[in-house]
Amino acid sequence: MGLFASRGYHGVSMDDIGSAAGVTGPALYHHFAGKEAMLVAALIPVSEGLLAGGKERVARHPDDAKAALADLIDFHVDFALANPAVIALHLHELDRLPEDPRRQIRRLQRLYVEEWVSVLSRVRPELPAPEARVLAHAAFGLMNSTPFLGGEVDRVRRAALLRDATIHALIGH
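Residues numbered from 1 in each chain as written. Predicted model: local features only at pLDDT ≥ 70, side-chain atom pairs only at ≥ 80, totals over all residues. Heavy atoms only, no water.

Draft legend 1. Spatial organisation of the overall build of the protein. From N to C terminus, the protein includes eight helices and zero strands. The helix and strand sequence of the protein, counted from the amino end, reads α-α-α-α-α-α-α-α. Restricting to contacts in the protein with at least 6 residues of sequence separation, those with at least 24 account for 63%. (Helix = DSSP H or I, 4+ residues; strand = E, 2+ residues; numbered from the N terminus. Contact = heavy atoms within 4.5 Å.)

Draft legend 2. Local environment of the packing of aromatic side chains. Applying the stated criterion to the full structure yields three aromatic pairs. Each ring, one from Tyr 112 and one from Trp 116, has its centre 6.2 Å from the other, and the planes form 80°; the classification is edge-to-face. Taken as a pair, Tyr 112 and Trp 116 lie in helix α6 (residues 99-123) at a separation of four residues, close to a single helical turn. Trp 116 sits in the buried class, given a relative accessible area of 1%. Relative to Phe 140, the ring of Trp 116 has its centre 5.1 Å away and its plane inclined at 70°; by these criteria the two rings are edge-to-face. Residue Trp 116 is found in helix α6, and its partner Phe 140 is found in helix α7 (residues 129-143); the two are separated by 24 residues along the sequence. In this pair, the class of Trp 116 matches that of Phe 140, namely buried. An aromatic cluster is present here, built from Tyr 112, Trp 116 and Phe 140 joined pairwise through their rings. (Phe/Tyr/Trp six-rings, centres within 6.5 Å; stacked < 30°, edge-to-face > 60°. Buried < 20%, exposed > 50% of the residue type's maximum accessible area, 1.4 Å probe, protein only.)

Draft legend 3. Examining the environment of Asn 144 more closely. Relative to the elements of secondary structure, Asn 144 occurs in the loop between α7 and α8 (155-171). Each C-alpha atom, one on Asn 144 and one on Leu 91, is 9.5 Å from the other, the two residues being 53 residues apart in sequence. With residues near it in sequence (within four places) discarded, Asn 144 still touches His 76, Ala 80 and Ile 87.

Draft legend 4. Just α7, in detail. Under the 1.5 Å per step criterion, the end-to-end length of α7 is 21 Å for 15 residues, consistent within 8% with the ideal 21 Å. Residues of α7 that are buried include every one of Ala 132, Leu 135, Ala 136, Ala 139, Phe 140 and Met 143, and no others. The buried residues of α7 all sit within an arc of 145° when viewed along its axis, so they share a single face. What points out from α7, more than 90 degrees from its buried face, is the exposed set Pro 130 and Val 134. If you follow the buried residues of α7, they end up packed against α4 (65-82), α6 and α8. (Expected span 1.5 Å × (residues − 1). Arc of directions from axis to C-beta.)

Draft legend 5. Representation of the packing of α7 against α8. At a closest axis distance of 9 Å, the pairing of α7 and α8 adopts a crossing angle of 165°. Overall, the two elements α7 and α8 adopt an arrangement that is roughly antiparallel. α7 and α8 meet at a crossing whose hand is right-handed. Along its contact with α7, which presents Leu 135, Ala 136, Ala 139, Leu 142 and Met 143, the element α8 presents Leu 162, Ala 165, Thr 166, Ala 169 and Leu 170. Grouping the constituent residues of the contact of α7 with α8 by class yields nine nonpolar, one polar and no charged. (Axes fitted to C-alpha atoms, helices over the stretch in contact; angles between N-to-C directions. Parallel < 35°, antiparallel > 145°, perpendicular 65-115°, else oblique. Left-handed = near helix turned anticlockwise from the far one by under 90°. Nonpolar A, V, L, I, M, F, W, Y, C, P; charged D, E, K, R; others polar.)

Draft legend 6. Structural context of α8. Taking 1.5 Å of rise per residue, 17 residues should cover 24 Å, and α8 covers 24 Å from first to last C-alpha, within 8% of that figure. Where α8 is concerned, the buried positions are Arg 158, Ala 159, Leu 162, Thr 166, Ile 167, Leu 170 and Ile 171. Taken around the axis of α8, the buried residues stretch over an arc of 160°, which confines them to a single face. Residues of α8 that are buried sit in contact with α4, α6 and α7. Where α8 terminates, the next one or two residues include Gly 172, which has phi positive at roughly 85°.

Here you go:
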């Protein structure tokens with residue numbers, strides 16, 4: 001994924017990918033139909049993992065929406081800091097995928113967002129669901145800024161800053 005993230009989908013050849021994997025480019029065709037299939041195979045499990053992880057975090061706190069929200073934030077901040085290349089791929093390459101896998105990934109993303117909306121609606125019952133959805137997307141914008149952050153702030157401090165900014169964006173204090 002690092003090659004796709006750093007050079008873009010069209011800037012990477014099968015030979016580049018093979019070289020990075022320690023095989024020849026043509027050998028990859030035994031496993032994948034092409035670059036597009038490799039990108040799909042990389043991105044779908046990420047979206048599935050976010051949805052499963054989000055549901056797991058929410059299920060841990062059935063009677064405490066604030067704790068569920070804090071757990072969701074911790075989960076996503078940890079993901080974002082560990083996977084800036086994946087976030088960059090989603091931002092820059094997702095719309096270039098064929099319709100079917102793009103729709104599958106978007107569906108998984110919508111379901112993940114709805115986990116956040118559900119919890120946020122319990123924390124802030126005055127918010128209509130569409131407004132909670134706006135705030136959830138704004139929170140993702142904060143947390144998914146990791147591909148653009150330099151290393152001048154250590155990871156632990158970056159995590160704390162992202163968590164604090166996200167909770168303030170969502171609940172206002």
